[in-house]
Amino acid sequence: MFDRKELLVHVTGAQALVKSLENQGVEVVFGLPGGAILPAYDPLRDAGLRHVLVRHEQGAGHAAEGYAWATGRTGVCMVTSGPGATNLVTALADAYMDSVPVVAITGQVPTAMIGTDAFQESDITGITGPVTKHNELVTDPQRIPAAIAEAFHIAGTGRPGPVLVDLPKDVLQATLRWSWPPVMDLPGYKVPGPPDPAAITAAARVLRAARRPVLYVGGGVIKSGSHEALLELAELANVPVTTTLMARGAFPDAHPLALGMPGMHGMYAAVTALQECDLIVALGARFDDRVTGKLAAFAPHAKVVHADIDPAEIGKNRSPDVAITGDLAATLPELVTALRAVTSSEGPADTAPANTGDWVRTCAAWKRAYPLRYTQEPDGPLKPQHVVEQLSALTGGDAVIVAGVGQHQMHASQHYSFTKPRSWINSGGLGTMGFAVPAAMGAQIGRPGELVVAIDGDGCFQMTAQELATCAIEGLPIKVLIFNNGFLGMVRQWQELFYDERYSEVHLGTSIPDYVKLAEAYGCAGFRCEAPGDVAAVLEKALAVTDTPVVVDFRTHDVEGVFPMVPAGQPNDGIVLGPEFSAAEQAAATRREVP
Ligand SMILES: Cc1ncc(C[n+]2csc(CCOP(=O)(O)OP(=O)(O)O)c2C)c(N)n1
């Protein structure tokens, strides 16, 4: 990359920006131009990278996120000042909550006009301070290469996250001496070093001594690429594994040790194993309230080993007995080695599987006794769970599944059988309706030729459906399965359960818009499916389309709920199995018994 001949070349700020992106190896920028960022769009014409013109800046942000989730690389978006920049804010907040590496470039009004309420001025570094890992208003054109290099470094290292670089128009128009690589000057930014060997040994010892351990696996395992070491650890120590909403796919759901998702809509076995365990090994997870329920009542008998790259997470919600700060890519293999050493020093007769065997059998019995349950009548209303299970069977886990936010997201996470990492993309922390379509677009660009399926709610879909136009024009054959229940379903469910069925402003109706016509208007293929028996055939038809995006309007049951459920803020001990279980079964489950 370093080219001595380029040392004395003078370029404009805009050219420096584009050259910096090229030198960072950026292959795609999602964006939409406007006045302040105009100078940057000129050299972009001749650049060796792809620009995808979105229809709304929020779409650019989520597309950059989807690209990053799907590839592990940093996603890039570029927009103009003022409304362009503020339209990005939701996506940046989303990326911040879910630790997604994104670099956002925003145009800004000329430096002399900053603070004058100039046309399309917004203090975007001020606005995004709390939702970015770092941001910078660049006032010296000479700083552009370093600002961009630093942005990528910060976004992609340590705990990943979004970084915003704000570039005033005059800074983009000024000239500077081009030089690459720039010297980065980040005195306050430190990526955690290797994990402390003493902490690793301590963790191995408590794991070895535990009789009822559980691995609580978060998104950090996927981000660090340490899923293989996770499998090795789980099998070596014979420990049941729970995978959070952020970690679906980090451990194969079909594995006998897999308990599935914990938390508010988690599987009974996963939720209960965490409540009853004597040791939680938290790996790249953050004890989020959707997992813990009432924090004071969470896992009351458990010691905690907490391994995370972000020291701020350790002890934030739950004090650990053993803290390991560092990259899981190093921590997990070292933990495996340390566990082997501890085990062999205790002699082959006393093997780890024997220590935990009873516990593993108990968890498996819970799994069998209290599975996910729903009823699909052959002629009855179409159940969303049925659609997800048909999709799961048809793809065998060989697809990238993207979700919106709501009941459909939970049904997708619960009923799809994930086999590998980076096959599940969703908005976990912020819970952003409108995430799915643009995130699927970004994922499809990052993984061309692979099957990308967005499972979306009718409410969510209508928030960012305009990106279907982008997908059609770019020839991106994403599949969008709308679970059209005619309601803001998850909110309807909460009104049913917690507001005495007093439904207020949650009815959308199923037929406006006509999603098939809408799909066709956007240059996509559109199908509709209402009968349970037709699901497999319609999915096959949809999956067979490879040259345009596809939208399927699944007319799903309007009152279907998501269960199990732990009401918000309640102890996880009170997990409700739902209407498919008898009172006797619920009572037995509450007592942890297996009928
Ligand atoms: C931008 C945004 N606004 C509001 C909410 C609150 N909310 C959470 S789920 C939900 C309903 C989603 O409805 P839909 O997309 O139809 O999905 P369903 O729950 O019916 O599957 C709402 C309004 C949100 N998460 N995000």
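Residues numbered from 1 in each chain as written. Predicted model: local features only at pLDDT ≥ 70, side-chain atom pairs only at ≥ 80, totals over all residues. Heavy atoms only, no water.

*Asks:* Any details on the sheet that holds strand β2 (residues 28-32)? Residues and values, ideally.
*Replies:* Sheet architecture is open: six strands sit in the order β3-β2-β4-β5-β7-β6, paired in parallel fashion. What marks the edges here is a single partner per strand, and that holds for β3 (50-53) and β6 (134-137). Going across the sheet, the axis of each strand differs from the next one's by a mean of 20°, ignoring polarity. Against the sheet, helix α5 (residues 89-97) touches β5 (102-108) and β7 (162-168), its axis set at about 145° to β7. (Pairing = 2+ DSSP bridges. Helix = DSSP H or I, 4+ residues; strand = E, 2+ residues; numbered from the N terminus. Axes fitted to C-alpha atoms, helices over the stretch in contact; angles between N-to-C directions. Contact = heavy atoms within 4.5 Å.)

*Asks:* So what's going on with the site of the ligand? Residues and values would help.
*Replies:* Close contacts around the ligand come from 16 residues, with His408, Gly431, Asp458, Cys460 and Gly489 the closest. Contact between the ligand and His408: an oxygen atom at 2.8 Å from a side-chain N or O atom of the residue. Interatomic distance of 2.8 Å between a backbone N/O atom of Gly431 and a nitrogen atom of the ligand. Secondary structure elements with two or more residues in the shell around the ligand: α17 (407-415), α19 (458-464) and α21 (489-498). Grouping the constituent residues of the shell around the ligand by class yields seven nonpolar, eight polar and one charged. (Near = heavy atom within 4 Å. Polar contact = N/O pair within 3.5 Å; in protein donor to acceptor, adjacent residues only side chain to side chain. Nonpolar A, V, L, I, M, F, W, Y, C, P; charged D, E, K, R; others polar.)

*Asks:* Give a detailed account of the domain arrangement of the protein, specifying residues and quantitative values.
*Replies:* Here the domain parsing of the protein yields domain 1 (4-177), domain 2 (197-369) and domain 3 (384-555). Taking the mean C-alpha position of each, domain 2 and domain 3 sit 31 Å from one another. Contacts between domain 2 and domain 3 engage 17 residues on the former and 18 residues on the latter. Buried area between domain 2 and domain 3, both sides added, is near 1,400 Å², and the carbon and sulfur share of it is 60%. (Domains from an automatic or database assignment. Buried area = accessible area lost by both parts, 1.4 Å probe.)

*Asks:* So, the packing of aromatic side chains: which residues are in play, and what are the values?
*Replies:* Scanning all chains against the criterion turns up 12 aromatic pairs. Pairing Phe287 with Phe298 gives two aromatic rings, centres 6.2 Å apart and planes at 80°, and the pair type is edge-to-face. Here Phe287 is found in the loop between β12 (279-283) and α13 (289-292), whereas its partner Phe298 is found in the loop between α13 and β13 (303-308), with 11 residues between them in sequence. For the residue pair Phe287 and Phe298, the accessibility class agrees, reading buried in each case. Chaining the aromatic ring pairs together yields one cluster made of Tyr268, Trp359, Trp366 and Tyr370. Between Arg492 and the ring centre of Phe487, over which it is positioned, the NZ or CZ distance is 5.7 Å. (Phe/Tyr/Trp six-rings, centres within 6.5 Å; stacked < 30°, edge-to-face > 60°. Buried < 20%, exposed > 50% of the residue type's maximum accessible area, 1.4 Å probe, protein only. Lys NZ or Arg CZ within 6 Å of the ring centre and 35° of its normal.)

*Asks:* Describe the side chain of Asn485, naming the residues involved and giving the relevant values.
*Replies:* The residue Asn485 is located in the loop between β18 (479-484) and α21 in this model. A polar contact is formed between the side chain of Asn485 and the side chain of Gln407, at a distance of 3.4 Å. Residues contacting Asn485, with those up to four places away along its chain left out, are Gln407, Asp458, Thr510, Thr556, His557 and Asp558.

*Asks:* Explain the nonpolar core to me, and be specific about the residues and the numbers.
*Replies:* Side chains of a nonpolar character, in soluble globular proteins, are inclined to be buried together. One finds Ile280, Tyr370, Ile401, Leu481 and Phe554 to be the most contacted residues of the largest nonpolar core, which totals 62 residues. The greatest single-element share of this core, amounting to six residues, is contributed by helix α12 (residues 268-276). Here this core gathers at least three residues from each of two domains, domain 2 (197-369) and domain 3 (384-555). Filtering out sequence-adjacent residues up to four positions away, Ile401 remains in contact with Leu391, Tyr416, Phe418, Ser423, Trp424, Ile425, Val453 and Ile455. (Core = buried A, V, L, I, M, F, W, Y, C linked by side-chain atoms within 4.5 Å.)

*Asks:* Tell me what's going on with the side chain of Arg318, and back it up with residues and numbers.
*Replies:* Its place among the elements puts Arg318 in the loop between β13 and β14 (322-325). For the buried residue Arg318, which engages in no salt bridge, the nearest side chain bearing the opposite charge is Asp321, 6.2 Å off. Within the structure, the side chain of Arg318 is placed 2.7 Å from the backbone oxygen of Phe298, a separation counted as a polar contact. One polar contact links the side chain of Arg318 to the main-chain carbonyl oxygen of Ala299, over a distance of 3.0 Å. Setting aside residues no more than four positions away along its own chain, Arg318 makes contact with Phe287, Phe298, Ala299, Ala302 and Val304. (Lys, Arg positive; Asp, Glu negative; His and termini not counted. Salt bridge = Lys/Arg side-chain N within 4 Å of Asp/Glu carboxyl O.)

*Asks:* Can you break down the packing of helix α9 (residues 197-209) against helix α14 (residues 328-345) residue by residue, with the values?
*Replies:* Where α9 contacts α14, the axes come no closer than 8 Å and their chain directions differ by 55°. Between α9 and α14, the interaxial angle falls into the category oblique. Where α9 crosses over α14, the handedness of that crossing is right-handed. Seen from α9, the contacting residues are Ile200, Ala203, Ala204, Arg205, Leu207 and Arg208; seen from α14, they are Thr331, Glu334, Leu335, Ala338, Leu339, Val342 and Thr343. Residue composition of the contact of α9 with α14, by class: eight nonpolar, two polar and three charged. (Parallel < 35°, antiparallel > 145°, perpendicular 65-115°, else oblique. Left-handed = near helix turned anticlockwise from the far one by under 90°.)

*Asks:* Quick rundown of helix α1 (residues 13-23)? Include the residues and the values.
*Replies:* Most of α1 sits inside the fold, with eight of its 11 residues counted as buried. Those residues of α1 not exposed but buried are Gly13, Ala14, Ala16, Leu17, Val18, Ser20, Leu21 and Asn23. Of the residues one or two after α1, Gly25 is the one with positive phi, at around 80°.

*Asks:* Before we move on, could you go through a nonpolar patch on the surface and cite the residues and values that matter?
*Replies:* A cluster of nonpolar side chains, namely Leu497, Phe498 and Tyr499, defines an oily patch on the protein surface of about 300 Å² accessible area. Within the secondary structure, Phe498 is located in helix α21. Assessed through its relative accessible area of 36%, Phe498 is described here as partly exposed. (Patch = residues over 30% accessible without salt bridge, like charges linked within 9 Å, V, L, I, M, F, W, Y side chains within 5 Å. Areas by Shrake-Rupley, 256 points an atom, 1.4 Å probe, with all protein chains shown as cover.)

*Asks:* Give a detailed account of the pattern of salt bridges, specifying residues and quantitative values.
*Replies:* As a working rule, side chains carrying opposite charge can pair if their charged atoms are close by. Counting across every chain of the model gives 23 salt bridges. For Arg290, the salt bridge identified is with Asp289, shortest N-O distance 3.4 Å. Overall, Asp289 belongs to the partly exposed group, its relative accessible area being 48%. Of the charged contacts in the structure, one is a salt bridge between Asp553 and Arg555, with a shortest N-O distance of 3.0 Å.

*Asks:* Just give me the short version of the pairing of strand β19 (residues 525-529), but keep the residues and values in it.
*Replies:* On any regular strand, side chains alternate: one points to one face of the sheet, the next to the other face. The element β19 is extensively covered by neighbouring structure, given that four of its five residues are classed as buried. Relative to strand β20 (residues 550-555), β19 runs parallel, the two sharing five bridges. Paired with Cys529 across the strands is Phe554, a residue of β20. Of the crossover connections in this fold, the one passing from β19 over helix α23 (residues 535-544) to the parallel β20 is right-handed. (Right-handed = clockwise from strand over helix to strand, strands pointing away.)

*Asks:* Could you give an account of the sheet that holds β13, naming the residues involved and the relevant values?
*Replies:* The parallel open sheet is built from six strands, whose spatial order is β11-β10-β9-β12-β13-β14. Across the chains shown, the open sheet's two edge strands, defined by having one partner strand only, are β11 (258-260) and β14. Strand-to-strand twist of the sheet, defined as the mean angle between neighbouring strand axes without regard to direction, takes the value 20°. One ladder, built from five bridges, connects strand β9 (residues 213-217) with β12; its direction is parallel. Directly across from Val217, in β12, lies its bridge partner Leu283.

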